[in-house]
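Working through the structure, step by step
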Amino acid sequence: MNLASLCQRDILSVSAEASVQKAADLMRVNHVGALALTDPEDPARVVGVVTDRDLVVNLLAQGRLPDEHPIGAYSHAQLIGVPGTASVHEAVQAMQKHGVRRIFVTESNGRLMGLLSIDDVLGTLADELGGLSQAMRIGVDLESTRTSPMFNPGELSGSMYLAQHEP
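For the structure given in this document, a descriptive report is provided here. Just so it is clear, the model here is predicted, and its values are computed rather than measured.

The sheet contact formed by strand E2 (residues 34-39) and strand E3 (residues 42-51) spans six bridges and is antiparallel. Counterpart to leucine 37 in the pairing with E3 is glycine 48. Connecting E2 to the next strand, E3, in antiparallel fashion are two residues.

Below, the structure is given as structure tokens:
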């Protein structure tokens, strides 16, 4: 499974010069934890990313006022991206290496394809683990139906030994 099939393709964006209030309102209304910040002169060009955590740690916890700076002042300018053909393992490695919870997913030409969050990865891994767990349960059930005693235990006295039939 590659990242192109997992990433969120509808990326919410706002100009890097927008107010913190506008950015926070976009996050709240759309129930997202990150916004792509665009170049005010070229709205198709992403220049940063800001998260709800950035607002708490870099703005509120430091006693800054939301009107002091535009949202771009609280963003990460280093954009972390991986190709859409990359695996979940490669995405996890990129998140770990850069200490981030979200990464951009790019097309082969470098254009932005989507955003992948740690929630997306965890959901996928949980589904895979659930499938493995179900496979184990089915295997145990199948094994128990294929295994039967070769004799009637009630016919023997003393020690009892069971033999299994292999299909």
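Another aspect to go through is the environment of threonine 51. Locating threonine 51 in the fold gives a position in strand E3. Given the relative accessible area of 11%, threonine 51 is considered buried. Sequence separation of threonine 51 and histidine 76 is 25 residues, and the distance between their C-alpha atoms is 8.9 Å. Dropping the residues within four chain positions of it, threonine 51 is found in contact with Met27, Gly33, Ala34 and Arg102.

Hydrogen bonds between backbone atoms are what pair the strands of a sheet, whose relative direction is either parallel or antiparallel. Here three strands make up an open sheet; going across it, the order is E1-E2-E3 and the pairing mixed. Two strands in the sheet have a free side with no partner beyond their single neighbour: strand E1 (13-15) and E3. Looking at each pair of strands side by side, their axes are set apart by 40° on average, direction ignored.

A cluster of nonpolar side chains, Val56, Val57 and Leu60, forms an exposed patch at the surface whose accessible area comes to about 260 Å². Examined against the element boundaries, valine 57 turns out to sit in helix H2 (residues 52-60). Overall, the relative accessible area of 37% leaves valine 57 in the partly exposed class.

All told, the structure shown has two salt bridges when counted by the stated rule. For the salt bridge of aspartate 39 with arginine 45, the shortest nitrogen-to-oxygen distance reads 2.6 Å. Take aspartate 39: its relative accessible area is 15%, and that puts it in the buried class.

Criteria and thresholds
Residues numbered from 1 in each chain as written. Predicted model: local features only at pLDDT ≥ 70, side-chain atom pairs only at ≥ 80, totals over all residues. Heavy atoms only, no water. Pairing = 2+ DSSP bridges. Helix = DSSP H or I, 4+ residues; strand = E, 2+ residues; numbered from the N terminus. Buried < 20%, exposed > 50% of the residue type's maximum accessible area, 1.4 Å probe, protein only. Contact = heavy atoms within 4.5 Å. Axes fitted to C-alpha atoms, helices over the stretch in contact; angles between N-to-C directions. Patch = residues over 30% accessible without salt bridge, like charges linked within 9 Å, V, L, I, M, F, W, Y side chains within 5 Å. Areas by Shrake-Rupley, 256 points an atom, 1.4 Å probe, with all protein chains shown as cover. Salt bridge = Lys/Arg side-chain N within 4 Å of Asp/Glu carboxyl O.

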